[in-house]
Amino acid sequence: MRKLAYPALLILLTGIFLLSQTTNSPEAKTAVAMPQVAGLPPAAQQAMASVDAEKIRAQVRFLASDLLEGRGTGQRGGDIAAEYIATQFALYGLKPAGDNGSFLQKVAMMGIATQDESTLSLLPDNGAPMNLTFRADYVAMDESGSTHDEISAPLIWMGYGIDAPEFNWNDYQGVDVKGKVLLMLVNEPPSDDPKFFAGPALTYYGRWTYKFEEAARKGALGVLLIHKTDMASYPWSVVRSSWSGERSYLRNDPAPKLKLAAWIQSDVARKLAQTCGMNLEQMIAAAGKRGFRPTPLPVRVHVNLFSKVRSFDSNNVIARLPGSDPKLREQAVFYSAHYDHLGIVPGMAGDNIYNGAQDNATGCGILLEIARAFAGVKQPPKRSIYFASVTAEEQGLRGSEYLGKHPPVPAKDISLALNYDDVPPLGVPEEVNVAGAERTTFYPAVQRTAKDFALTIVPDSQPAAGHYYRSDHFSFASAGIPAFSIDEGDKYRGHDRQWGTAQAEEYVAQHYHQPSDEYYPEMDFRGDAAMARFGIALGWQAANQPALVEWQPGDEFAKARAASQNGNP
Ligand SMILES: [Zn+2]
């Protein structure tokens, strides 16, 4: 016995050491130390502890399966996803918060699909006509909802196509754009000055959605947006796949619409500039400088757009956990994640299902796991908690736009909205991205909580990509509600940051909005679980603190908040 004691102890210690080192055993894969967050009641800690990375995996695996057909808006797969999520909410014991006592909130939509027989030609005064090829050279939508429109109109070079009084910048000055087609750039004038278009960060003025909306407001017939990968922050393949099938619009939307909302490849724009005796790079450089003036080009645009148009109803899925405080329960904290993706493209060669595993089955898995965790506690937080899985995000944030305009609780009573969109399943994160949180009065709580989670808050790694305007929290913010998304940074445990950055870059280049965004068993959901726990800790604090969360004074969205508080939603 004595003789054996030392080797036995050694073996035992070695065994413990090896167990603690291995990352392949299932126990080790899910074992992440539970953060203790100061000021949170035991029920919140219990909710956080109940979050299970493997349950998130199960949700992602199902939602991203081929059977769900890419969860397209207005397609069967999207409707099945909505029913599935509603069923999960019901099984958790949450209350319905949609229309007529159901979990579903109807979103009336119009689907428009540009048909292959459509043509777009650029006819220079001098030189050969340029007949563009649909999808390879351009994509286009007739947003007006007519099935056929023929346009023959002059083309005007508009630079960035921005009218921003607060930056004393107006590309529309001194030009009548009524009945014209406008050639313009995505993005905004380059700047390092934080007071001029927020420096290197993108403002809403740089987004393509703004370009189309503003041109329509000004009475233009159409817009040709020049796609450049560096300026858009994603390649042409992303534009092509997002615009080749049906795109959906809110059906009863009173906002003016373009008869031609189009993107063209940068090579087409370059050739067009040459034909006009100009140089695209010089035009872009001049467009970013003060004193730029729009220029009519010696070109007519001739378009025949044939569209398939249909009406359909899609649904947001909304559940409620009633708050425990008899007064504060009339107020709310929201969690959201879009369930839609790009669906299935009938007739497309090869794999034609856009499964959207990372975008955004991951966010749905996190939302469902947060909902399950909240529903499982005996003593819920003081304010009510709402869980909203929204539709038609990929169509331009349509579902959340509708929800922001028709919330189940008045917008002024919603303290905070936390969104999840595309949270990579890459392991244990050491950083968190909460871009936009710093614009709210809640930021000190976010900073404290991140510290408790040993997560470093990272600034948006690509501020110029304008992520704040590219997901559903933006729709809440537009309704005045303090809102931001929760995501990981690039640094993961066991890897250097370059590894994470490389993963992110590879995803954008190869899989983002492609059929290859699929579920793989190798995916590691511990980070998604950590983001869920972090979100529970934040939401619980926002739901229990005495005052509602607000925007910092002077913020871009503070005006909308004040309007909602004054009874003008
Ligand atoms: Zn997404």
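Since the structure is predicted, the reported quantities are computational estimates derived from the model, not experimental observations. (Residues numbered from 1 in each chain as written. Predicted model: local features only at pLDDT ≥ 70, side-chain atom pairs only at ≥ 80, totals over all residues. Heavy atoms only, no water.)

Student: Sorry, what's going on with the pattern of salt bridges here?
Tutor: Pairs can form between side chains of opposite charge whenever their charged atoms are close. If you walk through the whole model with that rule in mind, you get 25 salt bridges. Among the salt bridges present, the one from Lys228 reaches Glu281, with a minimum N-O distance of 3.8 Å. A residue pair is termed long-range when its members are at least 10 positions apart, and Lys228 in the loop between strand S10 (222–227) and helix H7 (229–232) and Glu281 in helix H10 (residues 280–287) qualify at 53 residues. Assessed through its relative accessible area of 13%, Lys228 is described here as buried. (Salt bridge = Lys/Arg side-chain N within 4 Å of Asp/Glu carboxyl O. Helix = DSSP H or I, 4+ residues; strand = E, 2+ residues; numbered from the N terminus. Buried < 20%, exposed > 50% of the residue type's maximum accessible area, 1.4 Å probe, protein only.)

Student: I would appreciate a short explanation of the coordination of the zinc ion in the present structure.
Tutor: Four donors placed tetrahedrally around a metal ideally meet at 109.5 degrees, and six donors placed octahedrally ideally meet at 90 or 180 degrees. In the first shell of the zinc ion, the protein supplies His338 (NE2), Asp359 (OD), Asp421 (OD) and Asp421 (OD), at 2.0 to 2.8 Å from the metal. For the zinc ion, the four donor atoms in the first shell make angles of 51 to 151 degrees at the metal, so the coordination geometry reads as irregular. (Donors = N, O, S within 2.8 Å, 3.2 Å for Na, K, Ca; no water. Tetrahedral: all angles 85-135°; square planar, octahedral: opposite > 155°, others 65-115°.)

Student: How should I be thinking about the layout of surface pockets in this particular structure?
Tutor: In this structure, the second largest pocket spans a volume of roughly 880 Å³. Ranked by residue count, the leading element in the lining of the second largest pocket is helix H6 (residues 208–217), at four residues. Its residues assigned to classes, the lining of the second largest pocket shows 17 nonpolar, six polar and eleven charged. (1 Å grid on protein atoms, 1.4 Å probe; cavity = no way out; pocket = protein on both sides within 12 Å on 5 of 7 lines; lining within 4 Å. Points joined across faces, edges and corners; volume = space filled by probe spheres on them. Nonpolar A, V, L, I, M, F, W, Y, C, P; charged D, E, K, R; others polar.)

Student: I tried to follow the environment of Glu69 on my own but got confused; where do I start?
Tutor: Topologically, Glu69 is positioned in the loop between helix H4 (53–63) and helix H5 (76–92). Taking C-alpha positions, Glu69 is 37 Å from Ala450, a pair spaced 381 residues apart along the chain. For Glu69, the residues in contact, after removing those within four places along its chain, are Gln75, Arg76, Gly77, Gly343, Ile344 and Ile353. (Contact = heavy atoms within 4.5 Å.)

Student: Got a minute to help me understand unusual backbone geometry in this structure?
Tutor: For residues other than glycine, phi is negative in most cases, and the peptide bonds are mostly trans. Note the cis peptide between Asp359 and Asn360, where omega equals 5 degrees. By secondary structure assignment, the location of Asn360 is in helix H11 (residues 357–375). Of note, the phi angle at Asn168 is positive, near 55 degrees, even though the residue is not glycine. Within the secondary structure, Asn168 is located in the loop between strand S7 (163–164) and strand S8 (169–170). Unusually for a residue other than glycine, Asp422 sits at a positive phi of about 65 degrees. Among the structural elements, Asp422 can be located in the loop between strand S18 (414–419) and strand S19 (431–433).

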